[in-house]
Amino acid sequence: MEAISLGVGVNGKAIGVDPSETQIVSAEDRCQSLENTEFLCCYADEIDMDDASCDSITSTQTLEYIEDVDAALNEIRRLLKNHSRFVNISTLWDYFGFHGPDKELNSLMHEVVKGQKHPMLPTKLNGKLEKLGFKNIRTHEIPFFITKRDENSFAKFLNPKSTAAMVPRRPWYPDAHADPDSETPEQSACMRALRIRI
């Protein structure tokens, strides 16, 4: 929210949505020096805002945890102005893995971070968006490595043996029968960001 608030500037407004009151309080505390932020405690499919009131909407590792993801996408569509943009970042959780020297610990940690309603949402999201009338749907892979345990990073809470790298256990293949030896660099990412213009 801080980065979005600074990005839209004093003439813009950044609105954060979360169903958790604890998260809202934490965000308000963190952004108390920013005058152009607002936080709504609600679910993603019941946002109390006017139709076509947003210039852009972003969702980061959120949609895969929502039971009725179609209802949330409908709400996003309702809130967006024409020719605005929706950016989503979701993880291909089935291919997400920890690669430290302790294989048993790696497997345990991978099981612990599961719990998504739609762990492979990026493989289905384009079709859902097309049905809602989104246009110019583009997909980008975002591979990432954790190289240090920053105070505000996920790696801080992990065992040092397993934080050297977090990469896919295996690449994502659009064709389930594709030959693993023929993978491209683009297929070896564990995260995909969707940039959509309508």
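Higher on the page you've got the structure.
Residues numbered from 1 in each chain as written. Predicted model: local features only at pLDDT ≥ 70, side-chain atom pairs only at ≥ 80, totals over all residues. Heavy atoms only, no water.

1. Describing the overall build of the protein
Next up, step 1: Tallying secondary structure elements over the protein gives five helices and eight strands in all.
Next up, step 2: In the protein, the succession of α and β elements from N to C terminus is α-β-α-β-β-α-β-β-α-α-β-β-β.
Next up, step 3: If you sum the accessible surface of the protein, you get close to 12,300 Å²; carbon and sulfur atoms cover 49% of it. (Helix = DSSP H or I, 4+ residues; strand = E, 2+ residues; numbered from the N terminus. Areas by Shrake-Rupley, 256 points an atom, 1.4 Å probe, with all protein chains shown as cover.)

2. Describing the pairing of strand S3 (residues 54-60)
Looking along a regular strand, one sees the side chains alternate between the two faces of the sheet.
Next up, step 1: Taken together, the six bridges between S3 and strand S4 (residues 80-91) define a ladder with parallel strand orientation. Following the sheet pairing, Ile57 is matched in S4 by Phe86. (Pairing = 2+ DSSP bridges.)

3. Examining the nonpolar core
Next up, step 1: Formed by 19 residues in total, the largest nonpolar core has its most connected members in Ile57, Leu63, Leu73, Ile76 and Phe86.
Next up, step 2: Mapped onto this core, the elements with two or more residues apiece are S3, helix H3 (69-79), S4 and helix H5 (122-131).
Next up, step 3: For this core, the leading source of residues is H3, giving five residues.
Next up, step 4: With residues near it in sequence (within four places) discarded, Ile76 still touches Ile57, Leu63, Phe86 and Phe134. (Core = buried A, V, L, I, M, F, W, Y, C linked by side-chain atoms within 4.5 Å. Buried < 20%, exposed > 50% of the residue type's maximum accessible area, 1.4 Å probe, protein only. Contact = heavy atoms within 4.5 Å.)

4. Here's the deal with the environment of Lys135
Next up, step 1: If you trace the backbone, Lys135 turns up in the loop between H5 and strand S6 (138-141).
Next up, step 2: For the pair Lys135 and His83, spaced 52 residues apart in sequence, the C-alpha to C-alpha distance is 9.3 Å.

5. Quick look at the packing of H3 against H5
Two quantities define a packed helix pair, namely the angle between the helix axes and the distance between the axes.
Next up, step 1: At a minimum axis separation of 11 Å, H3 and H5 run at an interaxial angle of 50°. Here H3 is positioned oblique relative to H5, judged by the angle of their axes. Relative to H5, H3 is oriented so that their crossing is right-handed. Contacts from Val69, Asp70 and Leu73 of H3 reach H5 at Leu125, Lys128 and Leu129. (Axes fitted to C-alpha atoms, helices over the stretch in contact; angles between N-to-C directions. Parallel < 35°, antiparallel > 145°, perpendicular 65-115°, else oblique. Left-handed = near helix turned anticlockwise from the far one by under 90°.)

6. What to know about the environment of Ala14
Next up, step 1: By secondary structure assignment, the location of Ala14 is in strand S1 (residues 14-18).
Next up, step 2: Sequence spacing of Ala14 and Ile4 is 10 residues, and the spatial spacing of their C-alpha atoms is 6.3 Å.
Next up, step 3: Beyond its immediate stretch of four places on either side in the chain, Ala14 contacts Met1, Ile4, Ser5, Val8, Asn36, Thr37 and Glu38.

7. Thoughts on the packing of aromatic side chains
Given two aromatic rings, their pairing is described by the distance between the two centres and the angle made by the two planes.
Next up, step 1: Under the defined criterion, the tally for this structure stands at one aromatic pair.
Next up, step 2: Ring centres 6.2 Å apart and planes at 50° place the aromatic pair Phe86 and Phe134 in the tilted group. Separated by 48 residues along the polypeptide, Phe86 in strand S4 and Phe134 in the loop between H5 and S6 bring together distant segments of the chain. No difference in accessibility class separates Phe86 from Phe134, as the two residues are buried. (Phe/Tyr/Trp six-rings, centres within 6.5 Å; stacked < 30°, edge-to-face > 60°.)

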